[in-house]
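Observations on the three-dimensional arrangement
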Amino acid sequence: MAQGQVQIPQQIAHQTGVAVPTQFNSTSLYVGDLDVNVSEAQLYEIFSQIAPVVSIRVCRDLISKRSLGYAYVNYNSGQEANRAIELLNYTPINGKPIRIMFSQRDPSLRKSGAANIFIKNLDKNIDNKALSDTFSVFGTILSCKVATDSSGQSKGYGYVQFDQDESAQNAINQVNGMLLNDKQVYVGPFVRRQERDNVPAASKFNNVFVKNLSETTTEDDLRQVFGSFGSISSAVVMRDPDGKSKCFGFVNFEHTDDAAKAVESLNGRKIDEKEWYVGRAQKKSEREAELRAKFEQDRKDKIEKYQGANLYLKNLDDTFDDEKLKELFQAFGNITSCKVMRDPQGQSRGSGFVAYSAPEEASRAVAEMNGRMVGSKPLYVALAQRKEERRARLQVFQNFLLICKKPA
DNA sequence: AATGAGCGT
């Protein structure tokens, strides 16, 4: 027998060739949320109180043998398994409530999050069992859990997953906004964190930004135009210290939906011969982040564009200056910049850069000029590497040297 | 205020 498995001396239910059992006559239970130290023996003691147990296995990491925090308990009949769920679910073992479900090896239902609801503003005294009892009137619960901190204290929210969408819908309709232990709870569909982040807070805003105003447009004009969408708590046209309009402003609505309506219908409208831009006002930090991102993108575009249009020169005759370089290289294309590198004393370092406006010009220059005698020496001409590329290459080389030095 | 984690011999 496999290690870690307790085989109970009972006749074993043979299921070979039998169709996959449905949820409710399955004899196999998944027991999750186990403390890592929970053993088969502890589970046996508890589960055999319901009916004879066929087998129990705590699943463990193959190598470390550490408990994965879940186990399987098998009974002879579906009724027994069902009874175990009813009577033993949320029983604490080592102080931690276990969570029992019918074993369902196909993960698709679990992953889909279907019929799953989220409850918040729960009284801290409501535990898994109480939550389950509250919601079981709407249908069969597959899983139910109150979020807790490490000491087992309720965090005031939880989850209930039903087997049917309809049950979840009814639970939401009937319990949302109701009092549970004198606290008004929120009940809604469960939404994955990631999906919730994808829905930008962008749709909930009160403050509207307007630009491209005429210089003569005033706060009163803004109130006039925006006022038709709902009540305004403030309107402002930004101005220079001398009072001259900066041609943009902000209108703050009392209700988010009014703000949204105003944006929807005013953006791009022509008013006083000016096409207004009307949008959600960004926070300063948001705006800055956007500008930073744009700047970064522009920089990347520029690098991309000039990629391959830059030359790196070395072994350059000391008598060459920027001007002479330009003369030498302009035959191959349109030079956008040209530089001889010098030390702080102004002495030529014998290297330099020539930038063209297109990569073809640069490669022509390499082909024609590399190795050519210029002044006293043969000139080295190659496409310039970007700083990062060069750094990466140097790093590879340094590593190589280190490896070479290491004794066998 | 808060939107998990979870399936073997």
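Residues numbered from 1 in each chain as written. Chains lettered and ligands numbered in written order. Predicted model: local features only at pLDDT ≥ 70, side-chain atom pairs only at ≥ 80, totals over all residues. Heavy atoms only, no water.

**Examining the overall build of chain A**
Helix and strand counts for chain A stand at twelve helices and 25 strands. A separation threshold of at least 6 residues defines the contact pool for chain A, and within that pool the share at least 24 residues apart is 61%. Split by element, the accessible area of chain A, about 25,500 Å² in all, is 50% carbon and sulfur. (Helix = DSSP H or I, 4+ residues; strand = E, 2+ residues; numbered from the N terminus. Contact = heavy atoms within 4.5 Å. Areas by Shrake-Rupley, 256 points an atom, 1.4 Å probe, with all protein chains shown as cover.)

**Looking at the pattern of salt bridges**
Where charged atoms from two side chains of opposite charge approach closely, those side chains can pair. Across all of its chains, the model carries six salt bridges by this definition. Among the salt bridges present, the one from Arg60 reaches Glu40, with a minimum N-O distance of 4.0 Å. Of this pair, Arg60 sits in strand β3 (residues 53–60) while Glu40 sits in helix α1 (residues 40–47); the two residues are 20 residues apart in sequence, bridging distant segments of the chain. A relative accessible area of 29% places Arg60 in the partly exposed class. For Lys129, the salt bridge is made with Asp133, and the minimal N-O distance between the two is 3.2 Å. With Lys129 and Asp133 both in helix α4 (residues 128–135) and four residues apart, this pair spans about one turn of that helix. Using a relative accessible area of 38% as the deciding quantity, one classes Lys129 as partly exposed. By relative accessible area, Asp133 is classed as partly exposed at 41%. (Salt bridge = Lys/Arg side-chain N within 4 Å of Asp/Glu carboxyl O. Buried < 20%, exposed > 50% of the residue type's maximum accessible area, 1.4 Å probe, protein only.)

**A closer look at the side chain of Asn128**
Assignment of secondary structure puts Asn128 in helix α4. Setting aside chain neighbours within four positions, we find Asn128 in contact with Tyr90, Pro97, Cys144, Lys145 and Val146.

**Some details on the confidence of the model for chain A**
In this model, chain A carries an average pLDDT of 84, and 82% of its residues clear a pLDDT of 70 or more. Note on residues 1–21: pLDDT under 50 across the span, and 30 contacts to partners over four residues away in sequence or across chains. (pLDDT = per-residue confidence, 0-100.)

**Some details on the nonpolar core**
Ranked by size, the top nonpolar core spans 23 residues in total, and within it Leu29, Leu43, Phe47 and Tyr75 carry the most contacts. Sorting the residues of this core by element identifies β2 (28–32), α1, β3, β4 (67–75), α2 (78–88) and β7 (99–102) as the ones contributing at least two each. A per-element tally of this core places α2 first, with four residues. Not counting the four nearest positions on each side in its chain, Leu43 is found in contact with Leu34, Val38, Ile56, Val58, Ala71 and Ile93. In terms of nonpolar packing, the next biggest core, distinct from the first, is built from 21 residues, Tyr90, Leu131, Ile141 and Val187 among them. (Core = buried A, V, L, I, M, F, W, Y, C linked by side-chain atoms within 4.5 Å.)

**Re the side chain of Ser214**
With respect to the helices, strands and loops of the structure, Ser214 is situated in the loop between β14 (207–211) and α7 (219–226). Its relative accessible area of 11% is what places Ser214 among the buried residues. Excluding residues that lie within four positions of it along the chain, Ser214 makes contacts with Ser245, Cys247, Asp272 and Lys274.

**As for the protein's contact with DNA strand B**
Around DNA strand B, a shell composed of 32 residues is seen, among which Ser28, Arg105, Arg110, Lys155 and Val191 lie nearest. Sugar and phosphate atoms constitute 34% of the interface atoms of DNA strand B, taking the interface as everything within 4 Å of the protein. Take Asn74: an N or O atom from its side chain is 3.4 Å from a base nitrogen of DNA strand B. The leading source of residues in the surface near DNA strand B is strand β10 (residues 154–162), at five residues. Broken down by class, the residue content of the surface near DNA strand B amounts to 13 nonpolar, nine polar and ten charged. (Near = heavy atom within 4 Å. Polar contact = N/O pair within 3.5 Å; in protein donor to acceptor, adjacent residues only side chain to side chain. Nonpolar A, V, L, I, M, F, W, Y, C, P; charged D, E, K, R; others polar.)

**Let's talk about the sheet that holds strand β8 (residues 116–120)**
If you trace the four strands from one edge of the open sheet to the other, you get β9-β10-β8-β13, paired in antiparallel fashion. Each edge of the open sheet carries a strand with a single partner, namely β9 (141–148) and β13 (186–189). When strand polarity is set aside, the average angle formed by the axes of neighbouring strands in this sheet is 20°. Relative to β10, β8 runs antiparallel, the two being bridged by five bridges. For Ile119, the partnering residue across the bridge sits in β10 and is Gly158. Of the strands in this sheet, β8, β9, β10 and β13 touch α4, which is tilted by about 140° from β9. Helix α5 (residues 165–175) rests against β8, β10 and β13 of the sheet, and its axis sits at about 150° to β13. (Pairing = 2+ DSSP bridges. Axes fitted to C-alpha atoms, helices over the stretch in contact; angles between N-to-C directions.)

**Focus on unusual backbone geometry**
One non-glycine residue, Tyr90, adopts positive backbone phi at about 75°. Assessed through its relative accessible area of 11%, Tyr90 is described here as buried. Non-glycine residue Glu273 carries a positive phi angle of around 70°. Examined against the element boundaries, Glu273 turns out to sit in the loop between β17 (270–271) and β18 (274–275). Accessibility expressed as a relative area gives 72% for Glu273, which makes it exposed.

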